[in-house]
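Below are the chains, spelled out letter by letter.
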Amino acid sequence: MPVENGLLKWTGIVLMGLGILFVVYGIYFVWYAYSAKWIETPATISSVRIRTTVHTAGDSLHRGFLYYPEIRYDYSADGKQYSSRKWKLRTEHESFAERDEAVVAAAKFRNGDTIPAYYNRDQASVAVLQPGVGIADYAALMCGLLLGLTGWGLYAIRFLAEKISANT
């Protein structure tokens, strides 16, 4: 029983540590997204293209390609020129399972068009087309909570196992 208890103990500690790191990062990221002072500025689209990524997660039925439009735009802030391709703070654009869907999404944007972009007043090199916090921005925080609680549970099981074995 001591080897299993030691394994539970150290697995629990490692998972709690990872959970804490993810939670700290998640809190920072959500705080950053909420506290950023977004300033609207005109941006000029410099390129629109369809990007392809290989999706390998999950079983073989869910493997394949993901497609998303990459919209690169130029803007100026504080007298300097910048370029960005961020749709939201953490993403370039929504991804699609079908290339045709990505083409339809990209068709809304044409080279040379002027669109509103939003840059962070405190860090002008960071710009997005949609300011604010989305559901994906909470991912690190949720993963951290899950890891931390799992680690705490494993660590607690170790103590329960010791109490049960001490009473028998």
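As the structure is a computational prediction, the values presented were derived from the model and not from experiment.

Reading guide: rules and limits
Residues numbered from 1 in each chain as written. Predicted model: local features only at pLDDT ≥ 70, side-chain atom pairs only at ≥ 80, totals over all residues. Heavy atoms only, no water. Helix = DSSP H or I, 4+ residues; strand = E, 2+ residues; numbered from the N terminus. Buried < 20%, exposed > 50% of the residue type's maximum accessible area, 1.4 Å probe, protein only. Contact = heavy atoms within 4.5 Å. Areas by Shrake-Rupley, 256 points an atom, 1.4 Å probe, with all protein chains shown as cover. Expected span 1.5 Å × (residues − 1). Arc of directions from axis to C-beta. Pairing = 2+ DSSP bridges. Polar contact = N/O pair within 3.5 Å; in protein donor to acceptor, adjacent residues only side chain to side chain. Core = buried A, V, L, I, M, F, W, Y, C linked by side-chain atoms within 4.5 Å. Phe/Tyr/Trp six-rings, centres within 6.5 Å; stacked < 30°, edge-to-face > 60°.

(A) Fine view of the overall build of the protein. Of regular secondary structure, the protein possesses 3 helices and 5 strands. Here the protein holds 168 residues, and 30% of them are scored as buried. Of the contacts made within the protein by residues no fewer than 6 positions apart, 73% connect residues no fewer than 24 positions apart. By element, 62% of the accessible surface of the protein is carried by carbon and sulfur atoms, the whole surface being about 10,700 Å².

(B) Highlighting helix α3 (residues 139-167). The first and last C-alpha atoms of α3 sit 42 Å apart over 29 residues, in line with the 42 Å expected at 1.5 Å per residue. Along α3, the residues that are buried comprise A140, L141, G144, G148, G151, R158 and A161.

(C) Structural view of helix α2 (residues 99-106). Among the residues of α2, A102, A105 and A106 are the ones counted as buried. Seen along its axis, α2 keeps its buried residues to an arc of 95°; they face one direction. Along α2, the residues that are exposed and aim more than 90 degrees away from the buried face are D100 and V104.

(D) Looking closely at the pairing of strand β4 (residues 114-120). For β4, a buried count of 5 out of 7 residues is recorded, marking the element as mostly surrounded by other parts of the structure. One ladder, built from 3 bridges, connects β4 with strand β5 (residues 123-128); its direction is antiparallel. The partner of Y119 across the bridge, within β5, is A127. Connecting the antiparallel pair β4 and β5 is a turn made up of 2 residues.

(E) Geometry of the side chain of S84. Mapped onto the elements, S84 comes out in strand β3 (residues 80-84). The exposure class assigned to S84 is buried, which follows from its relative accessible area of 7%. At a separation of 3.2 Å, a polar atom in the side chain of S84 contacts the main-chain amide nitrogen of K86. The contacts of S84, once residues within four sequence positions are left out, are I71, R72, Y73, Y75 and A127.

(F) Representation of the nonpolar core within the structure. Counting residues in each nonpolar core, the largest one holds 14 residues, and the members touching the most others are A43, I71, Y73, Y75, Y119 and L129. Mapped onto this core, the elements with two or more residues apiece are β1 (38-55), β2 (64-77), β4 and β5. Residue contributions to this core peak at 4 residues, all from β2.

(G) How the structure looks around the packing of aromatic side chains. Taken as a whole and judged by the stated rule, the model has 7 aromatic pairs. Aromatic rings pair up to connect Y73, Y75, Y82 and Y119 into one cluster.

(H) Molecular detail of unusual backbone geometry. Its identity is not glycine, yet D78 carries a phi of approximately 55°, on the positive side. Mapping D78 onto the fold places it in the loop between β2 and β3. Judged by relative accessible area, D78 falls into the exposed class, the value being 63%.

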